[in-house]
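Next come the chains, spelled out residue by residue.
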Amino acid sequence: MPALPKVVSEAWEKRDGPIVLATVNQDGVPNAIYATCVKKYGEDKIVIADNYFHKTRANLKAGSPASLLFITDESGAYQIKGSVTYDTEGEYYQDMKTWNDGRPGHAAAVLQVEEVYSGADKLL
């Protein structure tokens, strides 16, 4: 399975502010949201807590891939693309409940790392 390149894994620890999560609906209409409750799960998955998703939830349940963007405190910018599972039970969901700080946590959106970019440079 693809894994985050070391430089991106290290950059993740220096994230500054929320991530941006982008999906598309079945008609190809894009949707992007900010999310703050996120966690790197190993080197091949990013878990995003569904606290207040609406269009994003519908898009993910319909099978939309996703793109996650983040910046670092050193102004580095990274994009992670991949398929997503929407888990309302199981390992990722239970783990999300331990770090979601009392927010609703309706589900854990689990992004499988498939492509990684820094600007226009493809890293994976």
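Notes on the structure in this doc start here. Nothing here was measured: the structure is a model prediction, and the numbers come from that model.

The number of helices and strands found in the protein is 3 helices and 10 strands. Listing the helices and strands of the protein from first to last along the sequence gives α-β-β-β-β-α-β-β-β-α-β-β-β. Scaling as 2.2 N^0.38, a compact globule of 124 residues should have a C-alpha radius of gyration of about 14 Å, and the protein matches this with 14 Å. If one aligns the C-alpha atoms of the protein with their principal axes, the spans along those axes are about 35 × 30 × 25 Å. Within the protein, the fraction of its 124 residues that count as buried is 45%. Within the protein, contacts between residues at least 6 apart in sequence are counted, and of these 65% link residues at least 24 apart. Surface accessibility of the protein: about 6700 Å² in total, with carbon and sulfur atoms responsible for 50%. Within the protein, the 17 negative side-chain charges are centred at a point lying 3 Å from the centre of the 13 positive side-chain charges.

On the surface, Val 7, Leu 123 and Leu 124 cluster together into a nonpolar patch covering about 210 Å² of accessible area. On the secondary structure map, Leu 123 appears in the segment after strand 10 (121-122).

Looking now at the sheet that holds strand 8 (residues 107-112). Taken in spatial order, the 4 strands of this open sheet run 3-4-8-7, and their pairing is antiparallel. Looking at which strands have only one partner, the edges of the open sheet turn out to be strand 3 (38-41) and strand 7 (84-87). Between one strand axis and the next, the sheet turns through 25° on average, direction left out of account. Here strand 7 pairs with strand 8 via 4 bridges, running antiparallel. Paired with Val 84 across the two strands is Leu 111, which belongs to strand 8.

This part covers the nonpolar core. Residues Ile 19, Ile 46, Ile 48, Leu 68, Phe 70, Ile 80 and Leu 111 are the most contacted members of the largest nonpolar core, which totals 24 residues. Elements represented by at least two residues in this core include exactly helix 1 (6-12), strand 1 (19-24), strand 4 (45-50), strand 5 (66-71), strand 6 (77-82), strand 7 and strand 8. Those residues in contact with Phe 70, other than ones at most four positions away along the chain, are Val 8, Ala 11, Trp 12, Arg 15, Ile 19, Gly 76, Ala 77, Tyr 78 and Ile 80.

What follows deals with the packing of aromatic side chains. Two aromatic rings are characterised by how far apart their centres lie and by the angle between their planes. Applying the stated criterion to the full structure yields 3 aromatic pairs. Ring plane angle 75° and centroid distance 4.8 Å describe the contact between Tyr 41 and Tyr 92, whose orientation is recorded as edge-to-face. Taken together, the positions of Tyr 41 in strand 3 and Tyr 92 in helix 3 (residues 91-99) put the pair 51 residues apart, joining distant regions of the chain. The rings of Trp 12, Phe 70 and Tyr 78 are connected pair by pair, giving a single aromatic cluster. When the ring centre of Trp 12 is taken as origin, the NZ or CZ atom of Arg 15, which lies over that ring, is 4.1 Å away.

Our focus in this paragraph is the pattern of salt bridges. This structure, assessed with the given rule, holds 9 salt bridges. Residue Glu 10 is joined to Lys 6 by a salt bridge in which the shortest nitrogen-to-oxygen separation is 3.9 Å. Here Glu 10 pairs with Lys 6, and both are found in helix 1, just 4 residues apart, close to one helical turn. With relative accessibility at 63%, the residue Lys 6 sits in the exposed group. One network of salt bridges, in which partners are shared, links Glu 13, Lys 40 and Glu 43.

What counts as what
Residues numbered from 1 in each chain as written. Predicted model: local features only at pLDDT ≥ 70, side-chain atom pairs only at ≥ 80, totals over all residues. Heavy atoms only, no water. Helix = DSSP H or I, 4+ residues; strand = E, 2+ residues; numbered from the N terminus. Rg over C-alpha atoms; globule rule 2.2 N^0.38 Å. Buried < 20%, exposed > 50% of the residue type's maximum accessible area, 1.4 Å probe, protein only. Contact = heavy atoms within 4.5 Å. Areas by Shrake-Rupley, 256 points an atom, 1.4 Å probe, with all protein chains shown as cover. Lys, Arg positive; Asp, Glu negative; His and termini not counted. Charge placed at Lys NZ, Arg CZ, Asp CG, Glu CD. Patch = residues over 30% accessible without salt bridge, like charges linked within 9 Å, V, L, I, M, F, W, Y side chains within 5 Å. Salt bridge = Lys/Arg side-chain N within 4 Å of Asp/Glu carboxyl O. Pairing = 2+ DSSP bridges. Axes fitted to C-alpha atoms, helices over the stretch in contact; angles between N-to-C directions. Core = buried A, V, L, I, M, F, W, Y, C linked by side-chain atoms within 4.5 Å. Phe/Tyr/Trp six-rings, centres within 6.5 Å; stacked < 30°, edge-to-face > 60°. Lys NZ or Arg CZ within 6 Å of the ring centre and 35° of its normal.

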